[in-house]
Amino acid sequence: MSAAEIGVGMWGYGFMGRTHANAYRQVRHLPGAHAARPRQLVIGGRDGEAARQAAATYGFARHASDWREIVADPEVQLFDNSAWHDVHEEPCIAAAQAGKHVLCEKPLALDADAGRRMLAAVERAGVQHMVAFNYRFAPAVRRARELIAAGQLGEVRRIHVCYFQDHQADASLPSPWGGRSQTGVLDGLGSHAIDLARFLVGEIESVTADIRTFIPERGAGAGSRERIAMTEDDAFSAQVAFSAGALGVLEAAWVYAGSKNALRFEVNGSEGSLSWNLEDLNHLHFNRVPSGSGDPGGTRSLLVTDRGDPYVGAWWPPGHVLGWEHLHANLVAAFVDAIATGEPVAPWGATFADGLRAIEVAEAIRRSAASGRRETVGPPSIGARS
Ligand SMILES: NC(=O)c1ccc[n+]([C@@H]2O[C@H](COP(=O)([O-])OP(=O)(O)OC[C@H]3O[C@@H](n4cnc5c(N)ncnc54)[C@H](O)[C@@H]3O)[C@@H](O)[C@H]2O)c1
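The shown structure was predicted, so the numbers you read here are calculated from the model rather than taken from an experiment.

Caption draft 1: Main features of the packing of aromatic side chains. Here the structure, examined in full by the defined rule, presents seven aromatic pairs. Summarising the aromatic geometry, the rings of phenylalanine 137 and tyrosine 311 are spaced 6.3 Å apart at their centres and angled 45° between planes, so their arrangement reads as tilted. Here the residue phenylalanine 137 occupies a position in the loop between β6 (129-131) and α6 (139-149), and tyrosine 311 occupies one in the loop between β16 (300-303) and α8 (324-341), the gap between them amounting to 174 residues. The same class applies to phenylalanine 137 as to tyrosine 311, namely buried.

Caption draft 2: Highlighting the site of the ligand. Surrounding the ligand, one finds 22 residues, the nearest of these being Phe15, Met16, His85, Lys106 and Asn134. Contact between the ligand and arginine 46: an oxygen atom at 3.2 Å from a side-chain N or O atom of the residue. Between the ligand and glutamate 105, the relevant distance is 3.2 Å, taken from a nitrogen atom to a side-chain nitrogen or oxygen of the residue. Protein burial of the ligand: of its 840 Å² of free accessible surface, 81% is covered by the chains. Here the ligand occupies the largest pocket. Mapped by element, the contributors of at least two residues to the shell around the ligand are α1 (15-29) and α8. Across the shell around the ligand, the residue classes tally to 10 nonpolar, eight polar and four charged.

Caption draft 3: Quick peek at the side chain of aspartate 309. With respect to the helices and strands, aspartate 309 occurs in the loop between β16 and α8. With near-sequence residues (within four places) excluded, aspartate 309 lies in contact with Arg143, Leu303 and Val304.

Caption draft 4: Inspection of the domain arrangement of the protein at higher detail. We note that the domain assignment places domain 1 (5-129) and domain 2 (139-280 + 282-322 + 351-371) within the protein. Domain 1 and domain 2 are separated by 26 Å when their C-alpha centres are compared. On the domain 2 side, the residues contacting the 22 residues of domain 1 number 20 residues. Both sides together, the interface formed by domain 1 and domain 2 hides about 1,800 Å², and carbon and sulfur atoms give 68% of it. The interface formed by domain 1 and domain 2 includes one salt bridge.

About the thresholds
Residues numbered from 1 in each chain as written. Predicted model: local features only at pLDDT ≥ 70, side-chain atom pairs only at ≥ 80, totals over all residues. Heavy atoms only, no water. Phe/Tyr/Trp six-rings, centres within 6.5 Å; stacked < 30°, edge-to-face > 60°. Helix = DSSP H or I, 4+ residues; strand = E, 2+ residues; numbered from the N terminus. Buried < 20%, exposed > 50% of the residue type's maximum accessible area, 1.4 Å probe, protein only. Near = heavy atom within 4 Å. Polar contact = N/O pair within 3.5 Å; in protein donor to acceptor, adjacent residues only side chain to side chain. Areas by Shrake-Rupley, 256 points an atom, 1.4 Å probe, with all protein chains shown as cover. 1 Å grid on protein atoms, 1.4 Å probe; cavity = no way out; pocket = protein on both sides within 12 Å on 5 of 7 lines; lining within 4 Å. Sits in = over half its atoms within 2 Å of the grid points. Nonpolar A, V, L, I, M, F, W, Y, C, P; charged D, E, K, R; others polar. Contact = heavy atoms within 4.5 Å. Domains from an automatic or database assignment. Buried area = accessible area lost by both parts, 1.4 Å probe. Salt bridge = Lys/Arg side-chain N within 4 Å of Asp/Glu carboxyl O.

Listed below in structure tokens is the structure:
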């Protein structure tokens with residue numbers, strides 16, 4: 001294998017498997033200024049025939065029906081876990097122990113204890129690690145962080161992040177989990193909201209929160225007359241306090257009709273505000289009102305595809321806009337680069353320490369919803385904020 005290639009083994013061929021496979025393929029064929037190219041070696045999942053078809057469709061050389069085969073493959077340098085949350089811990093730890101660099105979908109794990117074991121394993125093995133918080137890789141989101149860090153908003157006083165979808169809004173729909181217990185929207189969409197808040201504003205110190213299951217019972221499955229209790233949360237709303245003094249509101253739901261993939265944030269500071277909406281992902285709305293200048297400001301809509309904007313060199317000329325799938329491509333390209341160069345994944349990418357921190361915040365949200373009190377998140381357990 002050429003030194004400029006990183007062998008990829010993926011576990012999971014569902015929605016995220018398809019998304020990551022597309023990302024590796026795009027990065028391989030549009031290499032931009034990257035230090036190395038991914039080589040799609042093997043894709044696997046529980047159903048061997050489906051894995052075989054996935055390999056043929058997505059351009060992998062081989063397929064597997066057991067993640068252990070991928071972890072044992074000497075050509076695999078990057079183990080990509082795109083399977084469901086309850087299949088993250090054991091394969092990721094085994095991959096790290098086998099010396100593979102590990103990319104894992106979010107949420108990192110089912111709970112913080114599992115997240116700590118995963119972080120300890122990758123740190124002990126000395127491998128690169130990343131959690132697929134893909135929204136960090138939207139050019140406008142990265143530009144937002146750069147503007148905040150450069151003091152363009154002055155003192156940051158507030159952030160509101162919400163992530164709303166509506167695919168579970170209709171109470172007549174059967175359980176999407178077919179009776180198999182799953183984690184709810186706090187882990188699914190809320191983890192993105194928590195990570196974006198940390199990426200933009202910093203550590204969260206304490207929370208007060210409410211969690212709802214709006215539809216407590218559903219049909220067991222398509223065509224079934226059986227009714228089952230739904231224990232997964234459908235929505236949450238949390239008021240958070242940041243260590244640096246800012247206030248925040250974080251929300252997620254998949255039962256708010258009319259919201260398809262509405263991930264939005266607004267950040268307000270002493271000298272300006274900015275806002276972003278995934279459904280219009282190339283634009284960042286920025287209103288700078290420098291104090292004492294007498295300038296009344298006015299919101300500018302920045303099309304973040306220009307010379308000097310993040311990721312432009314990897315894609316098209318200015319004004320040639322990007323889509324949702326490009327964020328995943330930017331993410332896998334950054335991870336492949338980090339493996340090839342040894343440069344840190346942080347701060348632009350989320351490490352396992354960030355993945356663990358998102359779980360710790362989610363657990364504080366759950367504790368607060370249960371206790372009705374403000375709950376502290378506690379100091380990061382291992383690894384500094386990246
Ligand atoms: N970053 C994002 O934008 C984003 C979007 C959607 C989902 N996700 C995350 O990606 C992960 C996968 O979600 P998805 O939507 O692709 O799900 P999916 O159901 O479409 O695919 C899940 C994959 O995991 C495998 N799998 C499930 N249970 C397994 C088990 N017990 N043993 C072995 N394999 C198993 C399935 O066979 C399948 O290949 C989840 O953790 C989810 O939170 C991330």
